[in-house]
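Observations on chain architecture
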Amino acid sequence: MKITILDGNALNPGDLSWKPLEQFGEVTVYDRTKDEEVVSRIADSDAILLNKINITEEILSKCPNLKYIGVQATGYNVIDLDACRKHGITVTNVPSYSTAGVAQLVFAFILEFASQPALHSESVMNGDWTRCSNFCYWKNPLIELEGKTLGIFGYGSIGSRVALIAESFGMKVIAYTRTPKKEISNPVDVETLFRESDFLTLHAPLTDKTKFIVNKDTISLMKKSAYIINTARGLLVNEADVRSALDKGSIAGYACDVVSEEPMKETNPLLGARNCIITPHIAWAAVETRQRLLDIVIENLKCYSKGKPQNVVS
């Protein structure tokens, strides 16, 4: 089997090993691939692995040997699934590998807003404590999480993990999901979720119904003291409306690991916004998380090679 990895740098910038894939055949790794290079690099490949490379009908029609596409991520919107079915190509993905990492980042954001360690450490390093006449001081009001309400929009594996952590902090958890689940002790409708949350965290897939679920109308329901956390998909949020809300003080803060277009554009309205924390899509980036992802990628290919594919999306 000839296996080509098109954008290996995304999953493995050099701290993991591709060697286990060699048990299935010849492996060629490209760190990055431009759109115009895709066909020439995979024209005679039997299997390809990728993260964010678009695979279209036009590309597939020029790659007659291709029979397997392994998406090294959960989302697979970069693949034309109808075209893959037409050409008899199996497509797999990697679900639920990043649950721990994403939940961890959600609470990194929440704790930064609540306790503000970065702000106060910077102040101390600038000498403010050495000049202080009191034994302690704080730059902004601090928040105790116990008793606060965490609203969760979307209650899959990540949402439920976030709920578990929140409960250990003594927070009240409310949740909205399109699929009723017995384990949700406080299910609510969308309006109630926005109205009652002190912290609102998004964990839903991007669909026509969830796109821009955070907008000027839903924000208007929220407390001015509320914070929004987005580690799911950038387009769940109308970024211009969030910027306006931050500028006006309609919400207390916004934190995200995802934006509407990635890499982030200089024109993104969130740049420079007050009380806004943005990280560059790193929730999945811990070495343990990426190793788990790679292990499942390898297992997916192994199962396919044995005629029993798993995690099939097409």
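Scroll up to find the structure this text is about.
I will try to describe carefully the structure that is included in this document.

How each quantity is defined
Residues numbered from 1 in each chain as written. Predicted model: local features only at pLDDT ≥ 70, side-chain atom pairs only at ≥ 80, totals over all residues. Heavy atoms only, no water. Pairing = 2+ DSSP bridges. Helix = DSSP H or I, 4+ residues; strand = E, 2+ residues; numbered from the N terminus. Axes fitted to C-alpha atoms, helices over the stretch in contact; angles between N-to-C directions. Contact = heavy atoms within 4.5 Å. Buried < 20%, exposed > 50% of the residue type's maximum accessible area, 1.4 Å probe, protein only. Right-handed = clockwise from strand over helix to strand, strands pointing away. Core = buried A, V, L, I, M, F, W, Y, C linked by side-chain atoms within 4.5 Å. Salt bridge = Lys/Arg side-chain N within 4 Å of Asp/Glu carboxyl O. Phe/Tyr/Trp six-rings, centres within 6.5 Å; stacked < 30°, edge-to-face > 60°. Lys NZ or Arg CZ within 6 Å of the ring centre and 35° of its normal. Arc of directions from axis to C-beta. Polar contact = N/O pair within 3.5 Å; in protein donor to acceptor, adjacent residues only side chain to side chain.

**Quick look at the sheet that holds strand β10 (residues 253–256)**
Taken in spatial order, the 6 strands of this open sheet run β7-β6-β8-β9-β10-β11, and their pairing is parallel. Two strands bound the open sheet, and with one partner strand each, they are β7 (172–176) and β11 (276–278). On average, each strand axis in the sheet is tilted by 15 degrees relative to the strand beside it, whichever way the strands run. Pairing geometry for strand β8 (residues 199–202) and strand β9 (residues 227–230), over 4 bridges, is parallel. When the sheet's bridge partners are listed, L200 is paired in β9 with I228. Strands in contact with helix α7 (residues 157–168) are β6 (149–153), β7 and β8; relative to β6, the strand with the most contacts, it is inclined by about 175 degrees.

**Section: the pairing of β10**
For a regular strand, side-chain orientation follows a simple rule: the groups alternate between the two sheet faces. Burial along β10 is two-sided: G253 and A255 and Y254 and C256, pointing in opposite directions, are all buried. Here 4 bridges tie β9 to β10, and the two strands are oriented parallel to one another. Note on β10: the bridge partner recorded for Y227 is G253. For the segment spanning β9, helix α10 (residues 239–248) and β10, crossover handedness is right-handed.

**Regarding the sheet that holds strand β3 (residues 47–50)**
Taken together, the 5 strands give an open sheet; going across it, the order is β2-β1-β3-β4-β5, and neighbouring strands pair in parallel fashion. The open sheet has two edge strands with one neighbour each: β2 (26–29) and β5 (90–92). Mean inter-strand twist for the sheet, computed between neighbouring axes without regard to direction, equals 15 degrees. Judged from the 4 bridges that link them, β3 and strand β4 (residues 68–71) form a sheet pairing that is parallel.

**Some remarks on the nonpolar core**
Within the largest apolar cluster, 27 residues are counted, with the highest numbers of intra-cluster contacts made by V214, V242 and Y254. For this core, the secondary structure elements donating two or more residues are α8 (190–196), β8, α10 and β10. It is α10 that contributes the most residues to this core, 3 residues altogether. Those residues in contact with Y254, other than ones at most four positions away along the chain, are F113, I228, N230, V237, V242, L246, L270, N275, C276 and I277. Residues V102, A103, M171 and F199 belong to the second largest nonpolar core, which totals 26 residues.

**Notes on the pattern of salt bridges**
Pairs can form between side chains of opposite charge once their charged atoms are near each other. Scanning all chains against the criterion turns up 13 salt bridges. The partner of D247 in a salt bridge is R243, and the shortest N-O contact between them spans 3.0 Å. With D247 and R243 both in helix α10, this residue pair falls 4 residues apart, about one helical turn. On the basis of relative accessibility, which here comes to 46%, the residue D247 falls in the partly exposed class.

**Quick word on the packing of aromatic side chains**
Tallying each qualifying case throughout the model produces 5 aromatic pairs. Members of the aromatic cluster, joined through ring pairs, are F113, F199 and Y227. The lysine or arginine in question, R41, covers the ring of Y30, its NZ or CZ lying 3.9 Å from the ring centre. Here K211 stacks its cationic end above the ring of F212, 5.3 Å away from the centre of that ring.

**Observations concerning α10**
Taken residue by residue, α10 has E239, D241, V242, A245 and L246 as its buried positions. An end-on view of α10 places all buried positions within 160 degrees of arc, on one side of the element. In the core, the buried residues of α10 are packed alongside α9 (216–219), β10 and β11. Two or three places before A240, at the start of α10, stands the capping residue N238, its side-chain oxygen 3.2 Å from that residue's backbone nitrogen.

**Section: the side chain of T149**
Locating T149 in the fold gives a position in strand β6. Assessed through its relative accessible area of 9%, T149 is described here as buried. Residues within four places of T149 in sequence aside, it is in contact with M171, K172, I174, E196, S197, D198 and F199.

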